[in-house]
Amino acid sequence: MSFLPSMDAAHLQEKAIAYREINQNGQKGIVFSSYPLPPARFDAEKADVLILLPQGYPDVPPDMFFTLPWVRLKSGHFPKAADQAFNFENQTWQRWSRHNNEWRAGVDGIWTMLKRVDTALQTAAA
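The present account deals with the structure reproduced in this document.

How each quantity is defined
- Residues numbered from 1 in each chain as written.
- Predicted model: local features only at pLDDT ≥ 70, side-chain atom pairs only at ≥ 80, totals over all residues.
- Heavy atoms only, no water.
- Phe/Tyr/Trp six-rings, centres within 6.5 Å; stacked < 30°, edge-to-face > 60°.
- Helix = DSSP H or I, 4+ residues; strand = E, 2+ residues; numbered from the N terminus.
- Buried < 20%, exposed > 50% of the residue type's maximum accessible area, 1.4 Å probe, protein only.
- Lys NZ or Arg CZ within 6 Å of the ring centre and 35° of its normal.
- Expected span 1.5 Å × (residues − 1).
- Axes fitted to C-alpha atoms, helices over the stretch in contact; angles between N-to-C directions.
- Parallel < 35°, antiparallel > 145°, perpendicular 65-115°, else oblique.
- Contact = heavy atoms within 4.5 Å.
- Nonpolar A, V, L, I, M, F, W, Y, C, P; charged D, E, K, R; others polar.
- Core = buried A, V, L, I, M, F, W, Y, C linked by side-chain atoms within 4.5 Å.
- Salt bridge = Lys/Arg side-chain N within 4 Å of Asp/Glu carboxyl O.

For the structure on display, the rule yields seven aromatic pairs. For the ring pair Tyr57 and Trp103, a centre distance of 6.1 Å and an interplane angle of 45° mean the geometry is tilted. A residue pair is termed long-range when its members are at least 10 positions apart, and Tyr57 in the loop between β3 (46-53) and β4 (65-68) and Trp103 in the loop between β6 (91-96) and α2 (110-124) qualify at 46 residues. In this structure, Tyr57 and Trp103 share a single accessibility class: buried. A centroid spacing of 5.1 Å and a plane angle of 20° characterise the contact between Phe65 and Trp96, whose relative ring orientation is stacked. One end of the pair, Phe65, is in strand β4; the other, Trp96, is in strand β6, and 31 residues separate them in sequence. With a relative accessible area of 0%, Trp96 lands in the buried category. Taking the ring centre of Phe78 as reference, the NZ or CZ of Arg72 above it sits at 4.0 Å.

Laid out in C-alpha cells, this is it:
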C-alpha cells in the first residue's frame, strides 16, 4: 500500500523517476535506485538514495538523506557531515546530515527534497 502523497507520486511518474516505498516498523522511506552522482567527483557514478518521510509529511520536512553504497570524494575523504552510519532495511546507509529550515508546508514535496539532494551532492563534490 502506497504512503507517498499523490502529488509526489504524480511528480515522480511525470519525470519517469523510479522509486520504491519501504515501511519498516512505521518508519517510511523512499529509495531512488542508481541515483546519478555528479560525474568524476565521487568514487562511484551512482548510488541508491534513501529519503525518510517523517510523521506529518508533507507538512513536516524530511531532514537528511542517505546513500548506499557509501561514497567518498575523489580525494578519498568523506564529504562533510556524511560519515555516519544509519541502519535501515537491514543495510548500513551513509547518512548525509543536511538539515532543512526552509520547507514550505503545502508547497514543497519530494521534488524539493530531490533538489536538495542534488545540491548537497554537487556542493560536496565541488
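Additional details are given in the paragraphs that follow.
One turn of the α-helix equals 3.6 residues, which is why residues spaced by three or four share an orientation. Look at α2: 21 Å from first C-alpha to last across 15 residues, which is about the 21 Å you get at 1.5 Å a residue. Buried within α2 are the following residues: Ile110, Thr112, Met113, Leu114, Val117, Ala120, Leu121 and Ala124.

For any two helices packed against each other, one specifies the crossing angle of their axes together with the interaxial distance. At their nearest, the axes of helix α1 (residues 6-14) and α2 sit 9 Å apart, and the two run at 55° to each other. What the angle tells us is that α1 and α2 run oblique. Across the interface between the two elements, Met7, Asp8, His11 and Leu12 of α1 pack against Ile110, Trp111 and Leu114 of α2. The class makeup of the residues in the contact of α1 with α2 is five nonpolar, one polar and one charged.

Right, let's talk about the nonpolar core for a bit. Residues Phe32, Phe42, Ile51, Phe65, Trp96 and Leu121 are the most contacted members of the largest nonpolar core, which totals 27 residues. Of all the elements in the fold, those that place two or more residues in this core are β2 (27-36), β3 and α2. Considering each element in turn, this core owes the most residues, seven residues, to α2. With near-sequence residues (within four places) excluded, Phe65 lies in contact with Val49, Leu50, Ile51, Gln94, Arg95, Trp96, Arg98, Met113, Val117, Ala120 and Leu121.

Throughout the structure, instances matching the rule amount to two salt bridges. A salt bridge links Arg104 to Asp108; the shortest N-O distance between them is 2.6 Å. Given a relative accessible area of 6%, Asp108 falls into the buried group.

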